[in-house]
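# Remarks on the overall topology
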Amino acid sequence: MPNAPKIRPFLTGLVTLWRALRSDGRFFVPPRVVVRPAFVPKGAPRLYGGLVLLAVMVVFAPVDRSFAADKSEILEKIRSQLDVADGFDLAVFAQVPNARSMAVAADLGGIFVGTRGRNLYFVTDPVKAGTDGAGGTAGTVTLISSDFTSANGVAYKPGTLFVADQDRVVSFDMTGFTGTKLGKPDRVLFAGLPDKSHHGWRYIALSPDGETLFVAVGAPCNICKVSGLEGTIITLPVTGGEPEIYASGIRNSVGLTFHPDSGDLWFTDNGGDGLGDDVPREELNHAVQAGGFYGYPWFAGNKTRAPDFKNETIPHKVTFPAFTFNAHNAPLGVHFYNGDALVALHGSWNRTVPDGYKVVRVKFTDGQPVSASPFLAGFLRSNGAVLGRPVDIKSYGKDGSVLVSDDHAGVIWRLTPRS
């Protein structure tokens, strides 16, 4: 193809803008156009020409930016390549762009799904939607709001939806909610969260009694000293008020849950980057009461000292993790299931040999984690291809099903135990 060198930049421009429109607000730029020297690189006119042409095409032939095109066939191919725990069947529950945190609303017949962008979705149960959730069929997905900075953190109790945005926590009265539009918040519970994008996506969980919100506030950096509410887990009354710091010394907790028997808080924490492929270990932490200190930033993760602070005196007694995972596995959602903990390993982004990209079952013995084994795997292929990245985990329905959100494939998977 003799004109390929001339055509390639033009096509790159087309693909770049197309991905932007399909990425739920996350603009993907190929490496070749991230850094531009002072002079105009060869091929740039065609590259930008491609962007302009596709923009014009979109104006006259708009695409639905809220939802990706139906990917049933692609997702079925992915599903067929995944490794599922014995005794479970895997199906597509719903196609949700950038699916992150989930909040089950059984009384409303579906789930709320947050994203790291502006969008918040409601997914109607496939059975209630007239399908069975198997073989690629799924429930109705509705974009109910685009009014957030980062609609990542969601929690629900009958009658009230809670959303932790980048800078605030709000609640919505769900009386009369029809599943189509959320409207404006009925109450701002707290508006003083650090308004910083680095680790600015929040995770929240409701206490077992439903009266308190636990909100994770990440450190706005890789490894640094923090101030205020940064690097903590705070508690907040569901009616609003001033937060209290429940746990500190946390780099970036991205999964919170409570043990169904003891009511104790368990949370994941991602370790610092830039210290090598195999350090520090990633964490699953156990908090038996308020006031625990978990080592950050004097420890970059687990018992690995952060180089910049290794000669400093540690200010508090450190509670080290109850269980650890390989470095850079990025443990996110955690959920107790039949006595054990399911943990979503989102997967490494800066490791020489990629690792993670699966859901593991952490076995508990006498109330403590002792080992981990694959529960849903196969997202990382032997050739390095990535089929998905699990994020959050929730139990769903009376049949023992488990939902797993996947922000890479843009899907929520459903694992159903065989009867």
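Provided above is the structure to which this section pertains.
About the cut-offs
- Per chain, residues are indexed from 1 in the order of the written sequence.
- Confidence filtering applies because this is a predicted model: local features only for residues at pLDDT of at least 70, side-chain atom pairs given and counted only at 80 or more, and all residues used for totals across whole chains, interfaces and linings.
- In computing side-chain properties, one takes all heavy atoms of the structure into account and sets aside hydrogens as well as water.
- The disulfide criterion used throughout: a pair of cysteine sulfur atoms within 2.5 Å.
- The term salt bridge refers to a side-chain nitrogen of Lys or Arg lying within 4 Å of a carboxyl oxygen of Asp or Glu.
- Under the scheme used here, helices are H or I runs from DSSP no shorter than 4 residues and strands are E runs no shorter than 2 residues, and both carry numbers assigned from the N terminus.
- Only protein chains enter the accessibility calculation, which uses a 1.4 Å probe; a residue is then buried when its area is under 20% of its type maximum, exposed when over 50%, and partly exposed in between.
- Pairing between strands is defined by DSSP: at least two bridges between the two strands are required.
- Buried Ala, Val, Leu, Ile, Met, Phe, Trp, Tyr and Cys residues form a nonpolar core when they are joined through side-chain atoms within 4.5 Å.
- Only heavy atoms matter for contacts: two residues are in contact if any of them lie within 4.5 Å across the pair.

## Side note on the state of the cysteines
- Under the definition given, this model contains one disulfide.
- In this model C221 forms its disulfide with C224; the gap between the sulfur atoms is 1.9 Å. A torsion of -80° about the S-S bond marks the disulfide between C221 and C224 as left-handed.

## Quick word on the pattern of salt bridges
- With the rule as written, the count across this model stands at twelve salt bridges.
- Salt-bridge contacts for R351 lead to D278; the nearest nitrogen and oxygen are separated by 2.6 Å. In this pair, R351 sits in the loop between β23 (340-345) and β24 (358-365) while D278 sits in the loop between β16 (265-269) and β17 (282-287), placing the two residues 73 residues apart along the sequence.
- With relative accessibility at 53%, the residue D278 sits in the exposed group.

## A look at unusual backbone geometry
- Residue P280 follows V279 across a cis peptide bond; omega there is -5°.
- Residue placement: P280 occurs in the loop between β16 and β17.
- One non-glycine residue, A330, adopts positive backbone phi at about 55°.
- Overall, the relative accessible area of 12% leaves A330 in the buried class.

## Brief notes about the pairing of β23
- The buried fraction of β23 is high, at six of six residues.
- The two faces of β23 match: D340, L342 and A344 on one face and A341, V343 and L345 on the other face are all buried.
- With five bridges connecting them, strand β22 (residues 331-337) and β23 associate as antiparallel partners. Along β23, the bridge assignment pairs H335 with L342.
- Between β22 and the antiparallel strand that follows it, β23, lie two residues; N338 among them carries a positive phi value of about 50°.
- Direction of pairing for β23 relative to β24: antiparallel, over a ladder of five bridges. Opposite V343, over in β24, you have V360 as the bridge partner.

## Some points on the sheet that holds β22
- Read across the open sheet, the five strands follow the order β1-β25-β24-β23-β22; overall the sheet is antiparallel. Strands with a single pairing partner mark the edges of an open sheet, and in this sheet they are β1 (83-84) and β22.

## A word on the nonpolar core
- Residues L376, V404, W413 and L415 are the most contacted members of the largest nonpolar core, which totals 23 residues.
- Contact partners of L415, with chain neighbours within four places excluded, come to V84, F88, D89, L90, F375, L376, G400, S401, V402 and V404.

## Section: the environment of T304
- Looking at the secondary structure, you find T304 in strand β20 (residues 304-305).
- For T304, a relative accessible area of 22% puts it in the partly exposed group.
- Taking the C-alpha atoms as reference, T304 lies 8.0 Å from R281; in sequence the two are 23 residues apart.
- Not counting residues within four places of it along the chain, the set of residues in contact with T304 comprises L275, V279, P280, W298 and F299.

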